[in-house]
There are 2 protein chains.
Amino acid sequence: MSKQRELKHKKAMQKQKASVDASIAKASEERGVAVLLTGDGKGKSSSAFGMVMRALGYNQRVGVVQFIKGVILSGEEMYLRKHCPEVEFHQMGTGFTWDTQDRSSDIEAAERTWTIAKKMLSNPELDLVILDELTYMLSFDYLNQDEVLEAISQRPFEQSVVVTGRGGGKALQEIMDTVSEVKEIKHAYKAGIKARHGVDY
Amino acid sequence: MSKQRELKHKKAMQKQKASVDASIAKASEERGVAVLLTGDGKGKSSSAFGMVMRALGYNQRVGVVQFIKGVILSGEEMYLRKHCPEVEFHQMGTGFTWDTQDRSSDIEAAERTWTIAKKMLSNPELDLVILDELTYMLSFDYLNQDEVLEAISQRPFEQSVVVTGRGGGKALQEIMDTVSEVKEIKHAYKAGIKARHGVDY
């Protein structure tokens, strides 16, 4: 590698570091953040559970509510129930929409589950609350949007919250601090590869 | 809610379920999958660590290599080192590009780290291998792209691999089974909110 390239690289890196440093210095408000992971691609729920691991690394207190899940027991559920009894874990369970195909009982299940989520969102002892696949409850009009957005906005100052799921609407995006859209470029199952335990569930 | 809406909902859900069922039935190949999480948004590394949690839920064996990390100890590192000594965890450490600003020593660090990653990618006892922020090693031309792509492609049949990081190039995307682009819609730090432990690191 030439001396010139080495120098050019060093200058580019210094510039990049200066820009990153400036952004970090400017960001000065310390509080819990609200993160939305939306879009049609793979990685939304798994990202939420990665943040659970991060929070547990700092011995933070974590609450998890899963609004829609299939019948198969997921890896994250098995792990948390077995190894992390300190995590408040709740699953909507019987309310799985695509299986029950019954709007009334789905709404009842959603509302029961929301009661638990709302309690977490008002508990200042919880550092992180995961509302996995909550967006569908809003898209299907199972929960009152105003009530959900208010509970998220009014949560304790230090508490972070992560919401996952496709869609969710503009109003939800507006109240969140960080919004990532996970876009599917390609997905294994479309090439005939089965969903994989330990990766997909 | 009207009876008509109830019926309409039920029909829509049945149609959706039939379509999902058909896709699942068609996907019949069982093997490890290669997942790429790319794009400029928040959620790539956390998604990889969520999959680590999933895999551990099934008592799978996991290897993790982090190619670029800052000086702050991350939540996922603290968690894995403390609670999951069975996970093979390796960090490039000294090679953090934006801090060292030295191309030669970065390349050395990258190559040392790659040696460890390559060993994991040839170990059939590992069910899941995470190559966190590997893409930068390719973008910066620190590692030989052909060698990296070959090692990923030639890994054991049952092993899944997750690669994270912005960019990475077309050739990498082509050999991966699932590719998600995590797009930043907005990010808290741009609104002046500090990176949050337990969420951002």
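Criteria and cut-off values
Residues numbered from 1 in each chain as written. Chains lettered and ligands numbered in written order. Predicted model: local features only at pLDDT ≥ 70, side-chain atom pairs only at ≥ 80, totals over all residues. Heavy atoms only, no water. Contact = heavy atoms within 4.5 Å. Buried area = accessible area lost by both parts, 1.4 Å probe. Salt bridge = Lys/Arg side-chain N within 4 Å of Asp/Glu carboxyl O. Polar contact = N/O pair within 3.5 Å; in protein donor to acceptor, adjacent residues only side chain to side chain. Helix = DSSP H or I, 4+ residues; strand = E, 2+ residues; numbered from the N terminus. Nonpolar A, V, L, I, M, F, W, Y, C, P; charged D, E, K, R; others polar. Pairing = 2+ DSSP bridges.

Peer 1: Is there a simple way to think about the interface of chain B and chain A in this case?
Peer 2: Chain B puts 87 residues into the contact, and the matching count from chain A is 87 residues. Summed over both partners, the interface of chain B with chain A buries about 7,800 Å², with 56% contributed by carbon and sulfur atoms. One can count six salt bridges joining chain B with chain A. For Glu-158 of chain B, the salt bridge is made with Arg-196 of chain A, and the minimal N-O distance between the two is 2.6 Å. Our count for the chain B to chain A interface comes out at 41 residue pairs in polar contact (both at pLDDT 80 or more). Going through the elements one at a time, α1 (3–26), β1 (34–38), α2 (44–57), α3 (75–83), α4 (97–100), α5 (103–120), α8 (170–175) and β6 (178–186) of chain B are the ones with two or more residues in the side of chain B that touches chain A. Looking at the side of chain B that touches chain A, the element that brings in the most residues is α2 of chain B, giving twelve residues. When grouped by side-chain class, the residues that make up the side of chain B that touches chain A number 32 nonpolar, 28 polar and 27 charged. Sheet analysis places strand β6 (residues 178–186) of chain A next to β6 of chain B, joined by seven bridges and oriented antiparallel. Looking at β6 of chain B, one finds that Lys-183 of chain A is bridged to Glu-181 of chain B.

Peer 1: Looking at this structure, how should I read the pairing of β6 of chain B?
Peer 2: Note on strand geometry: in a regular strand, side chains alternate between the two faces of the sheet. Across four bridges, β1 of chain B lies against β6 of chain B in parallel orientation. Within the sheet, the bridge partner assigned to Leu-37 of chain B lies in β6 of chain B and is Ser-180 of chain B.

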